[in-house]
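So you can see what is in the structure, the chains are spelled out below.
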Amino acid sequence: MSASRRSGTTDELGPEEPERPDGPGGPGGPDGADLLAALLDGMDAALCAFDADGVVTHWNREAERILGWSAAEAVGRQGFAGWAVREADAEEVESRLMAAMHAPGRQVHEFALLTKDGGRVLVRTQSAGVPGPDGKPAGLYCAFSEVHAQIDLERSIALSEALFDDASWGVVLVDADLRPAVVNAHAARALGTGRTAVLGRPLGDLLTRGVEELENALTHVLAEGAPPAPAEMWVGVRTPEGERRRCWRSGFLRLASPLAEEPVPLGVGWLFQDVTEAKQGEQEAALLRFRANQLHRAARAAAECEDPAEAATVHLDFALAGFADHAVLDRILTERTPAGRAPGGVPDEDASAGPPRLVRIAATPSGGPGPSALTGHAGLPVRYGETHPVLQCVARAGSVRAGAGSVSAEEAREWARARVWPEDTVHALCAVLRSRGRTLGVVTFLRGAGRSAFQRSDATYAEDVAVRMAAALDLADLAGRGDAV
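Below is a short write-up of the structure. (Residues numbered from 1 in each chain as written. Predicted model: local features only at pLDDT ≥ 70, side-chain atom pairs only at ≥ 80, totals over all residues. Heavy atoms only, no water.)

## Considering the packing of helix α8 (residues 276-302) against helix α9 (residues 308-320)
Reasoning step 1: At a minimum axis separation of 9 Å, α8 and α9 run at an interaxial angle of 155 degrees. One element, α8, and the other, α9, form an angle in the roughly antiparallel class. Classified by chirality, the crossing of α9 by α8 is right-handed. Where α8 approaches α9, its residues Gln294, Arg297, Ala298, Ala299, Ala301 and Ala302 are matched on the opposing element by Ala311, Val314, His315 and Phe318.
Reasoning step 2: Grouping the amino acids of the contact of α8 with α9 by side-chain chemistry returns seven nonpolar, two polar and one charged. (Axes fitted to C-alpha atoms, helices over the stretch in contact; angles between N-to-C directions. Helix = DSSP H or I, 4+ residues; strand = E, 2+ residues; numbered from the N terminus. Parallel < 35°, antiparallel > 145°, perpendicular 65-115°, else oblique. Left-handed = near helix turned anticlockwise from the far one by under 90°. Contact = heavy atoms within 4.5 Å. Nonpolar A, V, L, I, M, F, W, Y, C, P; charged D, E, K, R; others polar.)

Right, here's the structure in full:
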């Protein structure tokens, strides 16, 4: 049966067209009702129509798919009562539909319909009256769809708007040329620019570091699809104040057109969250665990040394791992005892008597890796200038940090030579060696170019190492004087 019911003389939605021999309705082609039925059946929306008495006159294939009732079973029925709605709901549904016949514009309603197998489907309807030739209502049409499909669409739209307005993480849509096409407010703030200023610009204009890694990830997603897990990327954000180093936990989604038969890549959805503080906390905790383990290992190794001075260099070697490139150990030189034994430390009350003289008793090789070694030049004072960081360290009885600053390579080498340090030195950290109220010397940790400057947490670690080294040197002094320990 056709998806419409025809009367003998008049179609329910309008007067029947006069028959024409070679046109629609004549022998040479389909009539208007058949053409209308074909058009209705080809639509994606579920459509039905009622005449002025509420009798179903049209029922397309999409309506049949949703409810299971065929056009032959639906057309000719009086409203939905007794077959497409529950009896308890029939009166309300009919009154809403019939009211739409006389109301201006489209009327939107939601109600539950019954499927042929007895199930219930919540639908959203759009109904409007159809006027006859005299302008009076001749019927109405009703288009309906499952509410969950409409809700899914609305949710998708709402989700998109929320992601680009209110999301607490960055969302960037990157086109196939790896340039931002859409950016949400959070991502714009993270990139240090406005939402429109970032559009169409190469990622290299926005980031100083991590650009290659990010572009490789985007290219992989375009070619292979999304990775199985988020990736953590360290980037340098270009800001008016300079580079800002951040860690972004990033996820990627390949975007393809849903309208094409074959997947057409539209770009990549890049979602990221700033986890810099958390990663820095993890790194600091791991560093503290490593340094504590190094101190423990150093103590065990030093306990096996017969020579206390050698035990001090053992502590120095363990402390250098991952901490500094070089180290030197300077001992304060005092007047020798009549017996010519090794010098002791400088008591606090004598520390301000004048600039102390220091001798270098141990150092790491400056030309390559290797353990610290006693220099054998304990009798020759090191020629430090009056403002040298080592002398400042002795005067303060605390750690001192120094650096060459932003200078040329030649100026940095000259800076290191003037301080009697290896020429590749750029950063230095001096820690005082104290034991039993005396200042015994200074240990200096050195870093070369390409390494970061020493921080306050580094000074704490250096002071812990200095305490252990001072105990070993003090033990050597006691042994040299023949005192019992």
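## Describing the pairing of strand β6 (residues 120-131)
Reasoning step 1: Inspection of the sheet shows strand β5 (residues 107-114) paired to β6 by eight bridges, in the antiparallel sense. Along β6, the bridge assignment pairs Val108 with Gln126.
Reasoning step 2: The antiparallel pairing of β5 with β6 creates a hairpin that spans five residues between the two strands, and Gly118 there sits at a positive phi of about 95 degrees.
Reasoning step 3: When β6 meets strand β7 (residues 137-146), the two strands line up antiparallel, connected through nine bridges. In the sheet register, Gln126 faces β7, and the bridge partner there is Ala143.
Reasoning step 4: Linkage of β6 to β7, two consecutive antiparallel strands, is achieved through a turn of five residues, within which Gly135 is found at a positive phi near 85 degrees. (Pairing = 2+ DSSP bridges.)

## Some details on the pairing of strand β19 (residues 425-435)
Reasoning step 1: Buried residues dominate β19, accounting for ten of its eleven residues.
Reasoning step 2: Pairing of strand β18 (residues 400-403) with β19 involves four bridges; the strand directions are antiparallel. Counted as the bridge partner of Val400 is Cys430 from β19.
Reasoning step 3: Across ten bridges, β19 lies against strand β20 (residues 438-448) in antiparallel orientation. Its bridge partner lying in β20, Ala428 is registered against Leu446.
Reasoning step 4: Counted along the chain from β19 to the antiparallel partner β20, the turn is two residues long, and its residue Arg436 has a positive phi close to 50 degrees. (Buried < 20%, exposed > 50% of the residue type's maximum accessible area, 1.4 Å probe, protein only.)

## Observations regarding the sheet that holds strand β8 (residues 170-174)
Reasoning step 1: Pairing within the open sheet is antiparallel, and its six strands lie in the order β9-β8-β13-β12-β11-β10. In this open sheet, the two edge strands, each paired with only one partner strand, are β9 (180-183) and β10 (207-209). Strand-to-strand twist across the sheet, computed as the mean angle between neighbouring axes with direction ignored, equals 40 degrees.
Reasoning step 2: With five bridges connecting them, β8 and strand β13 (residues 265-274) associate as antiparallel partners. Paired with Val171 across the strands is Leu271, a residue of β13.

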